[in-house]
Amino acid sequence: MRIWFVCKAKYQKEDDEGHLKNTTETYLLDAVSYTEAEAIMYEKLSERVRGEFVITSLTKSRITDVFLYEDADFWHKCKITYFVTDADSGKEKKVTNLMIVTAHDVKDAYDRIHQSLNNMLVTFRVPEVVETSIVEVFAYGQDNEKEEEVPAGFKPVSEVEED
């Protein structure tokens, strides 16, 4: 199961007029532990921020899933509720999950979360959709998609299978 962390970072950012302003931005990242989350944030921010930065907050989030649509930049947090029946007692139990989705506005986020969850077997409700201050989301292993270099004297598996 993924563990999502919310990280707030403070640094100086140049505005359109060329003045430096202190800014705090919020990021969401997937990591195994606080230590790994902090290490990932230092790595990511050192690539994006010129100068010094400080991680002011790092907390576990209750977000269970992330839906990225490339055509939108704003992240919206959606509260999803549904009922499941307890096998032992036979009673219904209310389950609440938080998910985020990129969308242009709240209505678009509502539509997209329904579209993303249309294959759920239980009936669900979306009682709350809120725009967040999240700037960017870093999923675990998203940079590990690069092809590995093949050492000298070896062939890639795909070439061996063709022979």
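Residues numbered from 1 in each chain as written. Predicted model: local features only at pLDDT ≥ 70, side-chain atom pairs only at ≥ 80, totals over all residues. Heavy atoms only, no water.

Trainee: Can you walk me through helix α2 (residues 106-116) in this structure?
Mentor: Residue pairs spaced three or four apart in an α-helix point in one direction, given the helix's 3.6 residues per turn. If you check which residues of α2 are buried, you get Asp108, Ala109, Arg112, Ile113 and Ser116. Along α2, the residues classed as buried sweep out an arc of 135 degrees about the axis, all on the same side. Where α2 is buried, its residues meet β4 (63-67), β5 (74-85), β6 (92-103) and β7 (124-131). Two to three positions downstream of the cap, the backbone nitrogen of lysine 107 sits 3.4 Å from a side-chain oxygen, assigning the N-cap of α2 to aspartate 105. (Buried < 20%, exposed > 50% of the residue type's maximum accessible area, 1.4 Å probe, protein only. Helix = DSSP H or I, 4+ residues; strand = E, 2+ residues; numbered from the N terminus. Arc of directions from axis to C-beta. Contact = heavy atoms within 4.5 Å. Polar contact = N/O pair within 3.5 Å; in protein donor to acceptor, adjacent residues only side chain to side chain.)

Trainee: Please clarify how the side chain of threonine 23 should be interpreted in this entry.
Mentor: Among the structural elements, threonine 23 can be located in strand β2 (residues 20-30). Judged by relative accessible area, threonine 23 falls into the buried class, the value being 19%. Among residues more than four places away in sequence, those in contact with threonine 23 are Ala9, Lys10, Tyr11 and Lys13.

Trainee: Explanation requested: helix α1 (residues 34-48) in the structure shown.
Mentor: Its 15 residues place the ends of α1 21 Å apart at the C-alpha level, agreeing with the 21 Å of an ideal helix rising 1.5 Å per residue. Of all the residues in α1, the buried ones are Ala37, Ile40, Met41, Lys44 and Leu45. Buried residues of α1, viewed axially, fall in a sector of 125 degrees; they line one side. Opposite the packed face of α1, turned more than 90 degrees from it, sit the exposed residues Thr35 and Glu47. Where α1 is buried, its residues contact β1 (4-14), β2, β3 (53-60) and β8 (134-138). (Expected span 1.5 Å × (residues − 1).)

Trainee: Hey, could you run me through the packing of aromatic side chains in this one?
Mentor: By convention here, two paired aromatic rings are described through the distance between centres and the angle between planes. Under the defined criterion, the tally for this structure stands at three aromatic pairs. Judged by centre distance (5.0 Å) and plane angle (70 degrees), the ring pair of phenylalanine 5 and tyrosine 34 falls under edge-to-face. With a gap of 29 residues between them, phenylalanine 5 in strand β1 and tyrosine 34 in helix α1 connect regions that are remote in the sequence. When its relative accessible area of 0% is taken as the criterion, phenylalanine 5 is described as buried. Pairing tyrosine 27 with phenylalanine 138 gives two aromatic rings, centres 5.9 Å apart and planes at 15 degrees, and the pair type is stacked. One end of the pair, tyrosine 27, is in strand β2; the other, phenylalanine 138, is in strand β8, with 111 residues separating them in the sequence. Neither residue differs from the other here; tyrosine 27 and phenylalanine 138 are each classed as buried. (Phe/Tyr/Trp six-rings, centres within 6.5 Å; stacked < 30°, edge-to-face > 60°.)

Trainee: Quick question: what am I supposed to make of the sheet that holds β5 here?
Mentor: In space, the four strands of this open sheet follow the order β4-β6-β5-β7, with mixed pairing throughout. The open sheet has two edge strands, β4 and β7, and neither has a second partner. With direction set aside, neighbouring strand axes in the sheet form an average angle of 25 degrees. Note: β5 against β6, 12 bridges, orientation antiparallel. By the bridge assignment for β6, cysteine 78 is matched with methionine 99. (Pairing = 2+ DSSP bridges. Axes fitted to C-alpha atoms, helices over the stretch in contact; angles between N-to-C directions.)

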